[in-house]
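Here is how the chains run, residue by residue.
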Amino acid sequence: MEKEKNNYIINLNDSNYDTPIDARLNEDNLSLVGNDEWPNQSFRRVHGDFNIDEFLNEQHSKNSNSSKNAESKESSSHARAALKKWAKDHHKDSKKIDSLKATTDLSEPDEGWAFVDDNGTEYAIVRNGKVYPRPVIDNDTSSN
């Protein structure tokens, strides 16, 4: 373990995990932050009486809300990556993809992501990694 500014860098002696973990201590809270292989974890020091049921209910509520947000962000980035790969594979200009907005304002939000420009023109819908481009992309209506 080594100290870096206000954080500690922890190197695990584990053959399954070779990325350092960033330990952040802030008053009574300890956070362990790694990469995609290591789930972020938070610990809180308690003083006096501790009601485990109340604590678990609070954590469940926080985790439910934050995991929904994290899933949306992650899904959006995966969808954008799928759209970029589709553009590259089909020899389309992928520069504009970064400026498109990813939105779940579809009739069924879990169905996928729509990519629209500033005017609301839909360029593609991505569902489960499959790209459905709109004719505005060089009049191409094929999917992968």
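Residue positions within a chain follow its written sequence, with the count starting from 1. At least 70 in pLDDT is required for a residue's local features to be given in this predicted model, at least 80 for side-chain atom pairs to be given and counted, and no such filter applies to totals for whole chains, interfaces and linings, which use all residues. As a rule here, side-chain values come from all non-hydrogen atoms in the structure, and water together with hydrogens is ignored.

J.: Lay out the nonpolar core with the relevant residues and their values.
T.: To qualify as a nonpolar core, a set must consist of buried Ala, Val, Leu, Ile, Met, Phe, Trp, Tyr and Cys residues joined through side-chain atoms within 4.5 Å. Remark: exposure states derive from per-residue accessible area (1.4 Å probe, protein chains only) relative to the maximum for the residue type, with buried under 20%, exposed over 50%, and partly exposed in between. The biggest cluster of nonpolar side chains holds 13 residues, and the ones touching the most others in it are Ala79, Leu83, Trp86, Leu100, Phe115, Val126 and Val131. A run of H or I in DSSP becomes a helix once it reaches four residues, and a run of E becomes a strand once it reaches two; helices and strands are each numbered from the N terminus. The element that contributes the greatest number of residues to this core is helix 1 (residues 52–89), accounting for five residues. In this view, Ala79 contacts Trp113, Phe115 and Val126; residues no more than four positions away in its chain are not counted. Between two residues, a contact is recorded if the distance between any of their heavy atoms is within 4.5 Å.

J.: Please provide a residue-by-residue account of the side chain of Asp117, values included.
T.: Positionally, Asp117 belongs in the loop between strand 7 (113–116) and strand 8 (122–127). We score Asp and Glu as negative and Lys and Arg as positive, and we do not count His or the chain ends. Every case where a carboxyl oxygen of Asp or Glu lies within 4 Å of a side-chain nitrogen of Lys or Arg is listed as a salt bridge. This buried residue, Asp117, is left without a salt bridge; Lys96 holds the nearest opposite charge, at 4.6 Å. Within the structure, the side chain of Asp117 is placed 2.9 Å from the backbone nitrogen of Thr121, a separation counted as a polar contact. Two N or O atoms form a polar contact when they lie within 3.5 Å of each other; inside protein one atom must be a possible hydrogen donor and the other a possible acceptor, and for residues adjacent in sequence the pair counts only when both atoms belong to side chains.

J.: Please set out the sheet that holds strand 4 (residues 29–33) residue by residue, giving values where relevant.
T.: At least two DSSP bridges between two strands are required for those strands to pair. Across the sheet, five strands lie side by side as 1-2-3-4-5; this open sheet has antiparallel pairing. The sheet terminates laterally at strand 1 (2–4) and strand 5 (41–44), the two strands that pair on one side only. Taken over all neighbouring pairs, the strand axes of this sheet differ in orientation by 25 degrees on average, direction set aside. For strand 2 (residues 7–10) and strand 3 (residues 21–26), the ladder comprises four bridges, and the chain directions are antiparallel. Bridge pairing links Asn7 to Arg24 in strand 3. Between N-to-C directions, angles cover 0 to 180 degrees, with each direction set by a line fitted to C-alpha atoms, over the stretch in contact for helices.

Purely geometric numbers; function is a separate question.
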